[in-house]
Amino acid sequence: MVTILKNMTNILTATGEYFIFHKLQNQKVWIAMFLMIISAISGGITDLSFHLKGYVWQILNCILTASYSLTLRLVMDKAKQLTRSGSLNEVSMVLLNNLLSLPFSVLLIFLFGEWEYIINVDVVRIPLFWVLATASGLVGLSISFTSMWFLKKTGPTTYSLVGSLNKIPISVADFLPGLFAGVFFVKAKL
């Protein structure tokens, strides 16, 4: 059910892009979005359990995800008008994005008492931890750069739709073993 609702983010983003930027998507884009939703529904039809708290969190996640990409693009467009260079480069956007999230992250760390855990946990004394944590940070930084570049070159709806396409390799990975198992079963019965 999460996948079904997550695909609704694409529709929220496209609708928001229409109202904020006055950009109308063509009919093929809308068909693609609805096909993604139909695909998600057919894949998740057997997983129709309902828990109000889960649905509220997921719908809130969809709204905030769509709002994030729309707001980010709005900031990029405003930067074109307000800066001498006419735009913010990817480095500036990544820096701004991370600096804006830092106070919220620090607040949550102190609010939930995670600071004491971070200081006292034994794993931070292992050098390999710092190597892997640094590598993880660099990968996250490269993802931030590519995301900002992609959003700058395209638009919020394209950014959202391409983000939804990450399910394709997972679907193929789920489908292929099942297909091979079916072929193997038929061969075993012959």
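What you are looking at is a predicted structure, and each value in this text was computed from that prediction instead of being measured.

J.: Describe in detail the overall build of the protein chain, supporting the description with residues and values.
T.: Along the backbone of the protein chain there are 8 helices and 0 strands. Ordered by position from N to C terminus, the α and β elements of the protein chain give α-α-α-α-α-α-α-α. Taken over the C-alpha trace, the protein chain has a radius of gyration of 21 Å; the compact-globule value for 190 residues is 16 Å, which it surpasses by more than 25%. The dimensions of the protein chain, computed from C-alpha atoms along their principal axes, are 70 × 55 × 35 Å.

J.: Tell me what's going on with the pattern of salt bridges, and back it up with residues and numbers.
T.: Overall, the coordinates contain 3 salt bridges when judged by the stated rule. A salt bridge links Arg-73 to Asp-77, with the nearest nitrogen and oxygen atoms 3.3 Å apart. Of this pair, Arg-73 and Asp-77 both sit in helix 3 (residues 52-82), separated by 4 residues, roughly a single helical turn. Residue classification places Arg-73 among the buried residues on the basis of a relative accessible area of 13%.

J.: Requested: an account of unusual backbone geometry, with residues and values cited.
T.: Notably, His-22 is not glycine yet its phi reads approximately 60°, a positive angle. Tracing the backbone shows His-22 in the loop between helix 1 (2-21) and helix 2 (27-44).

J.: So what's going on with the packing of aromatic side chains? Which residues, and what values?
T.: Enumeration over the complete set of coordinates arrives at 4 aromatic pairs. Here Tyr-18 and Phe-19 contribute two aromatic rings whose centre-to-centre distance is 5.3 Å and whose plane-to-plane angle is 70°, an arrangement assigned as edge-to-face. A relative accessible area of 41% means that Tyr-18 is categorised as partly exposed. Its relative accessible area of 58% is what places Phe-19 among the exposed residues. Centre to centre, the rings of Phe-110 and Trp-115 are 5.8 Å apart; their planes meet at 35°, and the pair counts as tilted. Since its relative accessible area comes to 54%, Phe-110 is described here as exposed.

J.: Any chance you could break down helix 7 (residues 156-164) for me, citing the residues and the numbers?
T.: Every buried residue of helix 7 is accounted for by Pro-156, Thr-157, Ser-160, Leu-161 and Ser-164. Seen end-on, helix 7 carries its buried residues on one side only, within an arc spanning 125°.

J.: Which residues make up the packing of helix 4 (residues 90-111) against helix 6 (residues 127-153), and what are the values?
T.: Orientation of helix 4 relative to helix 6, taken along the N-to-C sense of each, is 115°, at an axis distance of 9 Å. Helix-helix and strand crossings are classified by hand; for helix 4 and helix 6 the assignment is right-handed. For the pair helix 4 and helix 6, the contacting residues are Glu-90, Val-91, Met-93, Val-94 and Asn-97 in the first and Leu-141, Ser-144, Phe-145, Met-148, Trp-149 and Lys-152 in the second.

J.: Describe the packing of helix 3 against helix 6, listing the residues and the values that go with them.
T.: The geometry of helix 3 relative to helix 6 is characterised by a closest axis approach of 10 Å and an angle of 70° between their N-to-C directions. When the axis of helix 3 is compared with that of helix 6, the two are roughly perpendicular. Together, Tyr-68, Ser-69, Leu-72, Arg-73 and Met-76 of helix 3 and Met-148, Leu-151, Lys-152 and Lys-153 of helix 6 make up the contact between the two elements. Among the residues making up the contact of helix 3 with helix 6, the classes are represented as 5 nonpolar, 1 polar and 3 charged.

J.: So, a nonpolar patch on the surface: which residues are in play, and what are the values?
T.: Together, Leu-95, Leu-99, Leu-102, Val-106, Phe-110, Trp-115, Tyr-117, Ile-118 and Ile-119 make up a nonpolar patch on the protein surface, roughly 910 Å² of accessible area in all. Every element with two or more residues in the nonpolar patch is listed here: helix 4 and helix 5 (114-120). Counting residues per element, the nonpolar patch draws most heavily on helix 4, which supplies 5 residues. Turning to its location among the elements, Phe-110 is positioned in helix 4.

Calculation rules
Residues numbered from 1 in each chain as written. Predicted model: local features only at pLDDT ≥ 70, side-chain atom pairs only at ≥ 80, totals over all residues. Heavy atoms only, no water. Helix = DSSP H or I, 4+ residues; strand = E, 2+ residues; numbered from the N terminus. Rg over C-alpha atoms; globule rule 2.2 N^0.38 Å. Salt bridge = Lys/Arg side-chain N within 4 Å of Asp/Glu carboxyl O. Buried < 20%, exposed > 50% of the residue type's maximum accessible area, 1.4 Å probe, protein only. Phe/Tyr/Trp six-rings, centres within 6.5 Å; stacked < 30°, edge-to-face > 60°. Arc of directions from axis to C-beta. Axes fitted to C-alpha atoms, helices over the stretch in contact; angles between N-to-C directions. Left-handed = near helix turned anticlockwise from the far one by under 90°. Contact = heavy atoms within 4.5 Å. Parallel < 35°, antiparallel > 145°, perpendicular 65-115°, else oblique. Nonpolar A, V, L, I, M, F, W, Y, C, P; charged D, E, K, R; others polar. Patch = residues over 30% accessible without salt bridge, like charges linked within 9 Å, V, L, I, M, F, W, Y side chains within 5 Å. Areas by Shrake-Rupley, 256 points an atom, 1.4 Å probe, with all protein chains shown as cover.

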